[in-house]
Amino acid sequence: MSIQKTPLHSEHLRLGGRMVDFAGWDMPVEFEGLRQEHHRVRQHVGLFDVSHMGEVRVSGPKALESLQWMTSNDVSKLQEGRAQYSLLTNEEGGIVDDIIIYCLKPNEEYFVCVNAANIEKDFQWMQNHNKGATLNNESDRWAQVAIQGPKARDLTCKVLGESLRSLKPFHFLKLKYKSFDVMAASTGYTGEDGFEVFIPKEGAEGFWQDLLELGKPLEVAPIGLGARDTLRTEMKYSLYGHEIDDTTSPIEAGLSWVVKAAKGDFVGRGPITQTLESGAKKKLVGFKMVDKGIPRMGYSLLSFDKTKIGTVTSGTLSPSLNCGIGVGYVPIEFSKEGSEIMVDIRGRLNKAVVVKTPFVETSLTKKA
Amino acid sequence: MSMMQGVREDYYYTKEHEWAQVDENIVTVGITEYAQKALGEVVYIEFPEEGQKVTQGEPFGVVESVKAVSDLYAPVSGTVIEVNSSLGDNPGPINDDPMNDGWIIRIEMDAEKELMNLIKAPEYAKLISKEKK
């Protein structure tokens with residue numbers, strides 16, 4: 001398959017993005033520099049092209065019933081204009097993907113946003129587990145732009161209007177941008193205040209340029225996938241293929257808050273409730289390096305008697321804290337805040353300590 | 001494009017983007033302008049010990065950016081006689097001046113004939129223009 005390009009590809013080239021292959025998409029990993037971009041989002045506002053993500057429309061009289069069966073959260077609780085983080089789960093209680101469901105009309109029409117790397121897999125899986133809903137893969141029709149940072153609300157209101165000013169987290173509005181029907185949701189993957197805006201691909205370039213132009217006084221700039229990853233790691237947000245995959249348990253991943261076993265049966269409910277009842281044996285934790293060094297995905301976690309206890313699922317230098325941070329699964333007895341562990345960094349055993357997550361405070365967590 | 005920027009005529013290169021500057025039997029090693037750009041801001045460096053033996057084509061250390069880890073490969077076999085330990089506290093020069101102040105180690109070379117295995121400037125310029133596609 002040839003490499004795919006988002007509707008904003010030429011913008012990335014114009015803005016000097018360093019392009020890499022990400023899940024089959026030619027995407028910018030960095031513009032002005034990862035660290036500067038990271039700080040820009042924590043302090044000002046940044047723009048992310050997330051058009052590579054997939055969108056599936058679920059509609060018809062069986063829409064709710066089908067989504068209730070496919071996903072772990074309770075879709076019946078979703079009112080119009082609300083969004084919900086959820087999981088597509090498999091029969092073994094593993095995670096097919098993590099998703100956001102947007103309720104356009106209760107019972108009848110929902111919009112599901114899925115990970116870029118999983119679009120085909122998820123759509124196939126949804127078709128195979130469908131209970132009579134109409135499923136449309138609309139991924140090719142939509143661009144998606146995330147506007148994130150303490151000044152993201154000011155900027156988005158400048159471009160899309162003041163109706164977004166008081167929009168609460170996980171709410172969305174249907175709006176007009178020029179002649180385009182857009183959907184602006186107060187969601188994101190950085191921990192900062194902001195929006196994710198779905199826009200028909202034909203309108204994406206103009207929208208992006210308007211955001212850059214009107215955002216100049218707010219110090220807006222485009223942000224690459226590199227900073228997107230360090231920002232989400234500082235929040236300990238899960239990334240499919242790292243913290244979660246087809247074999248991981250939502251309970252162990254710390255996602256039991258999106259598992260609503262009481263709603264009725266859904267794919268994988270049996271094994272998941274079993275883990276809930278018996279208790280998870282391991283847990284996803286965040287840890288900070290005490291010694292020097294940067295943990296990386298795949299590195300081993302050890303106890304002080306040098307027994308392997310787990311594996312790093314994500315690790316980076318935290319630009320905010322300026323030290324190595326990581327996320328990984330450890331047995332319950334090592335999961336308490338303050339637990340001391342070691343990370344095998346290319347043969348050297350470096351000390352780390354389990355800490356409270358998110359690793360940092362943001363415009364959202366401070367508000368709450 | 002003419003001669004690629006940052007490729008010095010009198011240096012040798014590796015395909016992993018180290019440079020080697022030879023002064024009799026002492027070889028100073030660093031990463032190239034191309035490598036520092038590809039890597040992004042270097043935040044951490046892992047040195048060999050002084051006195052340690054290194055082997056041509058084998059890793060001798062590591063540079064890390066925020067998101068990536070890259071091995072450093074020895075351009076020649078020999079003994080490490082000096083490391084630029086100031087980079088430990090401030091790796092900045094690896095990005096700002098990779099061909100001078102950003103040097104990483106000095107090796108006392110075992111056998112001069114190994115230099116034949118290295119890449120000369122014009123070929124290296126070609127190599128990186130190809131990688132840039």
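Keep in mind it's a predicted model, so treat the numbers as computed, not measured.

A.B. asks: How should the overall build of chain A be read in this particular structure?
C.D. replies: Check the secondary structure of chain A and you find nine helices and 19 strands. Projecting the C-alpha coordinates of chain A onto the three principal axes gives extents of approximately 65 × 50 × 45 Å. Counting across all 368 residues of chain A, residues that qualify as buried make up 48%. Long-range contacts, defined as pairs at least 24 residues apart, comprise 67% of the intrachain contacts of chain A with a sequence gap of at least 6.

A.B. asks: Explanation requested: the overall build of chain B in the structure shown.
C.D. replies: Across its full length, chain B holds four helices and 10 strands. When the elements of chain B are put in sequence order from the N terminus, they spell out β-β-β-α-β-β-β-β-β-α-α-β-β-α. Its C-alpha atoms give chain B a radius of gyration of 14 Å, near enough to 14 Å, the size a compact globule of 133 residues would have. Dimensions along the principal axes, computed over C-alpha positions, put chain B at roughly 40 × 35 × 20 Å. Each of the 133 residues in chain B was classed as buried or not, and the buried ones make up 43%. Sequence-distant contacts, at least 24 apart, represent 65% of the contacts inside chain B between residues at least 6 apart.

A.B. asks: I would appreciate a short explanation of the nonpolar core in the present structure.
C.D. replies: It is characteristic of soluble globular proteins that their nonpolar side chains tend to be buried jointly. Judged by nonpolar contacts, the single largest core of 127 residues is most densely connected at Ile-101, Val-145 and Ile-147 of chain A. Top element by residues in this core is strand S6 (residues 95-105) of chain A. It accounts for six residues.

A.B. asks: It is not clear to me how the sheet that holds strand S12 (residues 194-200) of chain A should be interpreted in this structure. Could you clarify?
C.D. replies: Strand pairing in a sheet is mediated by backbone hydrogen bonds. Such pairs are either parallel or antiparallel. Taken together, six strands build an open sheet; the order of strands is S10-S11-S12-S9-S3-S13 (chain A) and the sheet is mixed. If you trace the sheet from one side to the other, it starts and ends with strand S10 (172-177) and strand S13 (221-222) of chain A, each paired once.

A.B. asks: Quick question: what am I supposed to make of the domain arrangement of chain A here?
C.D. replies: Where the parts come together, the accessible area they lose is often given as the size of the interface. Residues and elements named next belong to chain A. For chain A, the assigned domains read domain 1 (9-53 + 140-234), domain 2 (54-124) and domain 3 (281-363). Computed over C-alpha atoms, the centres of domain 1 and domain 2 are 23 Å apart. Each partner contributes to the interface: domain 1 provides 13 residues, whereas domain 2 provides 13 residues. Of all elements in the fold, only S10 and strand S11 (180-185) reach the threshold of two or more residues within the side of domain 1 that touches domain 2.

A.B. asks: Looking at this structure, how should I read the sheet that holds strand S17 (residues 323-331) of chain A?
C.D. replies: Residue and element names in this part refer to chain A. The six strands lie next to each other as S14-S17-S16-S15-S18-S19, forming a closed barrel whose pairing is antiparallel. Neighbour to neighbour, the strand axes of the sheet diverge by 45° on average, direction disregarded. The pairing of strand S16 (residues 308-318) with S17 spans seven bridges and is antiparallel. Among the inter-strand pairings, Ser-314 is bridged to a residue of S17, identified as Val-327.

A.B. asks: Can you help me understand the interface of chain B and chain A in this one?
C.D. replies: The interface is formed by nine residues belonging to chain B together with 13 residues belonging to chain A. Contributing elements (two or more residues each) for the side of chain B that touches chain A: strand S4 (42-46) and strand S6 (59-65) of chain B. Looking at the side of chain B that touches chain A residue by residue, the class counts come to five nonpolar, one polar and three charged.

A.B. asks: Help me understand the pairing of S17 of chain A, please; the structure alone is not making it clear to me.
C.D. replies: Each regular strand displays side chains that alternate between the two surfaces of the sheet. All names here are of chain A. Here S17 lies mainly inside the structure; seven of its nine residues are buried. Sheet topology places strand S14 (residues 282-289) next to S17; seven bridges connect them, and they run antiparallel. Looking across to S17, one finds that Leu-284 is bridged to Tyr-329. Linking S16 to S17, which pair antiparallel, is a turn of four residues; within it Asn-322 sits at a positive phi near 55°.

A.B. asks: How should I be thinking about the packing of helix H5 (residues 152-160) of chain A against helix H6 (residues 204-214) of chain A in this particular structure?
C.D. replies: When two helices pack together, their arrangement is captured by the angle between the axes and the distance separating the axes. All names here are of chain A. Packing of H5 against H6 leaves a shortest axis separation of 10 Å and a crossing angle of 125°. Compared by their axis directions, H5 and H6 come out oblique. Both H5 and H6 take part in a crossing whose hand is right-handed. Within the contact between the two elements, H5 uses Leu-155, Lys-158 and Val-159 and H6 uses Asp-210, Leu-211 and Leu-214.

A.B. asks: How do you make sense of the confidence of the model for chain B when you look at a structure like this?
C.D. replies: Note: predicted coordinates in regions of low pLDDT should not be interpreted at a detailed level. Averaged over all residues, the pLDDT of chain B equals 92, while 95% of them reach at least 70. Both scores are available for the predicted complex, with the pTM at 0.93 and the ipTM at 0.80.

A.B. asks: What exactly am I supposed to notice about the environment of Ser-278 of chain A here?
C.D. replies: All names here are of chain A. As for its position among the elements, Ser-278 is in helix H8 (residues 269-278). Given 9 C-beta atoms within a 10 Å radius, Ser-278 is considered exposed. Remark: the alpha-carbon pair of Ser-278 and Ala-184, spanning 94 residues in sequence, is separated by 41 Å.

A.B. asks: Is there a simple way to explain the packing of helix H2 (residues 34-43) of chain A against helix H7 (residues 225-234) of chain A in this structure?
C.D. replies: Residue and element names in this part refer to chain A. The contact between H2 and H7 brings their axes to 9 Å, and the two run at 55°. Regarding the angle of H2 to H7, the classification is oblique. For the crossing formed where H2 meets H7, the hand is right-handed. Residue-level inspection shows Leu-34, Glu-37, His-38 and Val-41 of H2 in contact with H7, the latter providing Gly-226, Ala-227, Thr-230 and Leu-231.

A.B. asks: I would appreciate a short explanation of unusual backbone geometry in the present structure.
C.D. replies: Generally, phi is negative for residues other than glycine and the peptide bonds are trans, each holding for most cases. All names here are of chain A. Note that the residue after Thr-357, namely Pro-358, is joined by a cis bond; omega there is -5°. Phi angles above zero are rare outside glycine, and Asn-107 is one such case at about 75°. One can find Asn-107 in the loop between S6 and strand S7 (109-114). The phi dihedral of Phe-170 is positive, around 65°, even though this residue is not glycine. One can find Phe-170 in the loop between H5 and S10. According to the C-beta neighbour criterion, Phe-170 is partly exposed, with 16 such atoms within 10 Å.

Each value, and the rule that gives it
Residues numbered from 1 in each chain as written. Chains lettered and ligands numbered in written order. Predicted model: local features only at pLDDT ≥ 70, side-chain atom pairs only at ≥ 80, totals over all residues. Helix = DSSP H or I, 4+ residues; strand = E, 2+ residues; numbered from the N terminus. Buried ≥ 20, exposed ≤ 12 C-beta atoms within 10 Å, placed from the backbone. Contact = placed C-beta atoms within 7 Å. Rg over C-alpha atoms; globule rule 2.2 N^0.38 Å. Core = buried A, V, L, I, M, F, W, Y, C linked by C-beta atoms within 7 Å. Pairing = 2+ DSSP bridges. Domains from an automatic or database assignment. Axes fitted to C-alpha atoms, helices over the stretch in contact; angles between N-to-C directions. Nonpolar A, V, L, I, M, F, W, Y, C, P; charged D, E, K, R; others polar. Parallel < 35°, antiparallel > 145°, perpendicular 65-115°, else oblique. Left-handed = near helix turned anticlockwise from the far one by under 90°. pLDDT = per-residue confidence, 0-100.

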